[in-house]
Amino acid sequence: MSVRDIYLSFFMFTVNLHPDDPQYTEVVVRHMKELQNIGYTGFDMPVFPDGAGDPRADVLRYEKLREALDAAGLEDVGLTTNVATTPACNPTSLIPEEREAALVYLKSRVDITAALRSTIMAGPVLFPYNVFPTHNGQPLWSDALQDWLRPRYQIAQPLFERLGEYAAEKGVQVAIEPVDHWETPAPNMVRDVLDFLADVRSPHIGVCVDSSHVVLGSSGPETYRRDIQDAAGQQRLHYVQVSPPDRGEVADSWIPWRTFLGPVLPVYDGPLLIEVFNAIPAFLNSLRLTRRKFWIPMEDEPVPGVPSAYEVAEDGIKKLRSELTALHTT
């Protein structure tokens, strides 16, 4: 069996890398080195949308972060980026100025991805994450929601065509992540993204598949297999993430390993990302987390009876490797 690159999401530790803060960069470096010893070959890095100033000014900050990682002996560490759109930079907005702001913002995130020497930018980049639409103060669901979504999908397609052309120039694949309906209104399923991309020619815009969202929002295993085949056939299967439905520990979780990975492994040779959302402040409300935080070495005091972030990461990579071996031998 060929060795599969396994990455870990930095959502275990933070949503903001503070690339201008040398002290926090030292923390990032320490985490990476410890996790490399566990077996991780790369990391998914959140690119924080602070909403202040020109987003293009952020590129230099992340270039310096990459330089700091290289200087620390992490030249070969693989990186991908996690990006989300915001209400102010919304590709689906009916207001042209907001759509143009979204294109500027997303291009800057592509530039950051390239500056980090990554080729994959993934996340909820179509609709703003965790923002649910309303009409006359009432939330929209079901048919009303789908009717509300249709013109916004259509108006965003030309923008993503332009983004795909730009991403191709930079050698970056943009992976739109469908997120379950508990967290965001749309897109929720792999097919939603593929339907949106039917009128976007660039294969540099594709889909990110996450086991958590597949379990919580999928139509079922037969549909999932067809969707993976279609995404791969269109060269749009750009990223695959392994995350439990509760976004916590991977080692003992309700991930349907064979159902999820079976269709993916023959058609996808990129890294597999273990994505654990630790109970840090940024996720408490959006994910409605009730479990205790996995205490973070070098940042938190050890908590008796609670695993550390490193222990959760180590158990997770061992579990994923065992499942990959089992799938290969059967």
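Please refer to the structure higher up on the page.
To start, this report covers the structure provided alongside it.

Rules behind the numbers
Residues numbered from 1 in each chain as written. Predicted model: local features only at pLDDT ≥ 70, side-chain atom pairs only at ≥ 80, totals over all residues. Heavy atoms only, no water. Helix = DSSP H or I, 4+ residues; strand = E, 2+ residues; numbered from the N terminus. Rg over C-alpha atoms; globule rule 2.2 N^0.38 Å. Buried < 20%, exposed > 50% of the residue type's maximum accessible area, 1.4 Å probe, protein only. Contact = heavy atoms within 4.5 Å. Salt bridge = Lys/Arg side-chain N within 4 Å of Asp/Glu carboxyl O. Core = buried A, V, L, I, M, F, W, Y, C linked by side-chain atoms within 4.5 Å. Axes fitted to C-alpha atoms, helices over the stretch in contact; angles between N-to-C directions. Parallel < 35°, antiparallel > 145°, perpendicular 65-115°, else oblique. Left-handed = near helix turned anticlockwise from the far one by under 90°. Nonpolar A, V, L, I, M, F, W, Y, C, P; charged D, E, K, R; others polar. Phe/Tyr/Trp six-rings, centres within 6.5 Å; stacked < 30°, edge-to-face > 60°.

Here's the deal with the overall build of the protein
- When you go through the protein residue by residue, the secondary structure sums to 10 helices and 10 strands.
- Its C-alpha atoms give the protein a radius of gyration of 19 Å, within 12% of the compact-globule value 20 Å for 330 residues.
- Principal axes of the C-alpha set define a box for the protein whose edges measure 50 × 50 × 40 Å.
- Going through the 330 residues of the protein one by one, you find that 54% of them count as buried.
- Put simply, of all contacts in the protein between residues at least 6 apart along the chain, 77% involve residues at least 24 apart.

With respect to the pattern of salt bridges
- Under the defined criterion, the tally for this structure stands at 19 salt bridges.
- The shortest N-O distance in the salt bridge between R225 and E222 comes to 2.4 Å. One end of the pair is R225 and the other is E222, both in helix α7 (residues 221-233) and three residues apart, which spans about a single turn.
- Accessibility expressed as a relative area gives 30% for R225, which makes it partly exposed.
- Ionic pairing is found between E323 and K319, a salt bridge with its closest N-O pair at 2.8 Å.

Details of the nonpolar core
- Counting residues in hydrophobic clusters, the biggest one holds 95 residues, and the most contacted among them are Y40, F43 and F160.
- If you tally residues by element for this core, the top one is helix α4 (residues 142-170), at nine residues.
- In this structure F43 touches Y7, L8, F10, M32, L35, Q36, V77, G78, L79 and T80, once residues within four positions along its chain are discounted.
- A279, I280, F283 and L289 belong to the second largest nonpolar core, which has eight residues in total.

Here we look at the packing of helix α1 (residues 22-38) against helix α2 (residues 58-71)
- Running from amino to carboxyl end, α1 crosses α2 at an angle of 50°, the nearest separation of the two axes being 10 Å. In terms of axis orientation, α1 runs oblique to α2. Crossing angle aside, the handedness with which α1 passes α2 is right-handed. For the pair formed by α1 and α2, the contact residues are T25, V28, V29 and M32 on the first element and L65, A68 and L69 on the second.
- The residue inventory of the contact of α1 with α2, partitioned by class, reads six nonpolar, one polar and no charged.

Observations regarding the packing of aromatic side chains
- Applying the stated criterion across every chain, the model contains 12 aromatic pairs.
- Ring centres of F11 and F277 lie 5.0 Å apart, and the angle between their planes is 35°; on these two criteria the pair is classed as tilted. You can see F11 sitting in the loop between β1 (6-9) and α1 and its partner F277 sitting in the loop between β10 (272-274) and α9 (281-284), a full 266 residues away along the chain. Neither residue differs from the other here; F11 and F277 are each classed as buried.
- Seen in terms of ring centroids, F13 and Y310 are 6.4 Å apart; in terms of plane orientation they differ by 80°. Their pairing is edge-to-face. Here F13, found in the loop between β1 and α1, pairs with Y310, found in helix α10 (residues 309-329); they are 297 residues apart in sequence, far enough to count as distant. Taken individually, F13 and Y310 each receive the classification buried, so the pair is uniform in this respect.
- An aromatic cluster is present here, built from F127, W148, Y153, F160 and F196 joined pairwise through their rings.

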